[in-house]
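Spelled out, the chains give:
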Amino acid sequence: MDLGLKGKRVLVLASSKGLGKAAAEAYAKAGANVMLTSRTVKNVKQTAEDLSSFAEGTIAYHPCDVSKKEDIKKLIDETAARFGGIDVLVNNAGGPPPGKFEDLDEEDWEWAYQLTLMSTVRAIRYALPYLKQSKGRIVNITSSSIKEPIDGLLLSNVYRMGIVGLAKTLSKELAPDGVLINTVGPGRIDTERVRTLDAAKAEKLQLTPDEVREQSEAAIPLGRYGEPEEFANIILFLGSGLNTYVTGQMFVADGGMTHSY
Ligand SMILES: NC(=O)c1ccc[n+]([C@@H]2O[C@H](COP(=O)([O-])OP(=O)(O)OC[C@H]3O[C@@H](n4cnc5c(N)ncnc54)[C@H](OP(=O)(O)O)[C@@H]3O)[C@@H](O)[C@H]2O)c1
């Protein structure tokens, strides 16, 4: 099936590993040119090499800490200069720190604000002239906390809803320019981050990581964690030429874990 992505210019934030990498890989397989980014040069360079081994398009990378305004500005400038514009922007970042209300101080709130919400605001602000020109697509990676708050992840519960509000508002403001924007929340997708979180929980509860995983999987109607490629498929569709009429929406890819409408 032609996804209309051959030769398109795609920027995926936080993409050396996990969900960002899986999304970048999906776009690369569809024939797009892809700009990768993360803080660790060695990792993002390696990911660029991995994707280049099969990609038809150009795979480039530019190191960036998405919590930093100047880094994002340089990343967008570099992407537009390298590819001659931007057609698809996939916003992603590392997860904000865990904690309940009384565990968190001003600094935690400020840092998570920059990392989770402002990274998305800034990437859209700087990329917008290019996205308007290309009648582009924006896809935001968030969390299933956009459907149901997660205990002990207050900062995620708060700031990811900010992204939903942003996307919903922008879907109206940018519709006349032909720019479509949507938000997707992963439930439990088998990435390094989830394995690390399971290991930490196992240690705390004196269980094995496999036992923790079994408990988590028991709460998922499909009975298993998702694969990063399964998550990437919806990101791919929303940013592709097949998506011509879906905007301002939020989706979860969670094996049925959340039950709210
Ligand atoms: N996996 C899930 O099931 C799940 C569920 C709910 C929500 N999420 C959210 O989805 C996002 C991605 O999760 P993941 O599972 O893919 O995590 P992951 O496997 O740990 O990968 C995170 C990626 O983001 C990059 N990154 C982290 N902080 C960054 C920063 N400040 N600037 C630039 N790049 C940064 C990392 O590279 P560097 O470290 O080199 O920068 C890495 O490439 C997170 O926000 C996470 O909370 C994931």
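- The protein is annotated in an unreviewed UniProt entry as 3-oxoacyl-[acyl-carrier protein] reductase from Salipaludibacillus aurantiacus.
- Word for word, the UniProt comment on the protein under Sequence similarities (unreviewed entry) is "Belongs to the short-chain dehydrogenases/reductases (SDR) family."

## Comments concerning the site of the ligand
And step 1. In the vicinity of the ligand there are 27 residues, among which S16, T40, A93, I189 and T191 approach most closely.
And step 2. In this structure, an oxygen atom belonging to the ligand sits 3.1 Å away from a side-chain N or O atom of S38.
And step 3. Within the side chain of R193, a nitrogen or oxygen atom sits 3.1 Å from an oxygen atom of the ligand.
And step 4. Listed by contribution, the elements that provide at least two residues to the shell around the ligand are α1 (18-29) and α6 (192-205).
And step 5. Across the shell around the ligand, the residue classes break down as 9 nonpolar, 11 polar and 7 charged.
And step 6. Composition of the shell around the ligand by domain shows at least three residues from each of domain 1 (9-188 + 228-253) and domain 2 (190-225).

## Remarks on the packing of aromatic side chains
And step 1. A full pass over the atoms with the stated rule returns 3 aromatic pairs.
And step 2. Geometrically, the ring pair formed by F101 and W109 is edge-to-face, given 6.5 Å between the ring centres and 65° between the ring planes.
And step 3. Seen in terms of ring centroids, W109 and Y159 are 5.9 Å apart; in terms of plane orientation they differ by 75°. Their pairing is edge-to-face. Taken together, the residues W109 in helix α4 (residues 106-134) and Y159 in helix α5 (residues 154-174) connect sequence positions 50 residues apart.
And step 4. For W109, a relative accessible area of 22% corresponds to the partly exposed category.
And step 5. Given a relative accessible area of 12%, Y159 falls into the buried group.
And step 6. Taken together, the ring pairs connect F101, W109, Y113 and Y159 into an aromatic cluster.
And step 7. The ring of F54 has K29 lying over it, and the distance from NZ or CZ to the ring centre is 5.8 Å.
And step 8. Geometry around Y126 places K73 over its ring, the cationic atom sitting 5.6 Å from the centre.

The rules behind each value
- Residues numbered from 1 in each chain as written.
- Predicted model: local features only at pLDDT ≥ 70, side-chain atom pairs only at ≥ 80, totals over all residues.
- Heavy atoms only, no water.
- UniProt positions renumbered as here; feature names shortened; annotations may be inferred.
- Near = heavy atom within 4 Å.
- Polar contact = N/O pair within 3.5 Å; in protein donor to acceptor, adjacent residues only side chain to side chain.
- Helix = DSSP H or I, 4+ residues; strand = E, 2+ residues; numbered from the N terminus.
- Nonpolar A, V, L, I, M, F, W, Y, C, P; charged D, E, K, R; others polar.
- Domains from an automatic or database assignment.
- Phe/Tyr/Trp six-rings, centres within 6.5 Å; stacked < 30°, edge-to-face > 60°.
- Buried < 20%, exposed > 50% of the residue type's maximum accessible area, 1.4 Å probe, protein only.
- Lys NZ or Arg CZ within 6 Å of the ring centre and 35° of its normal.

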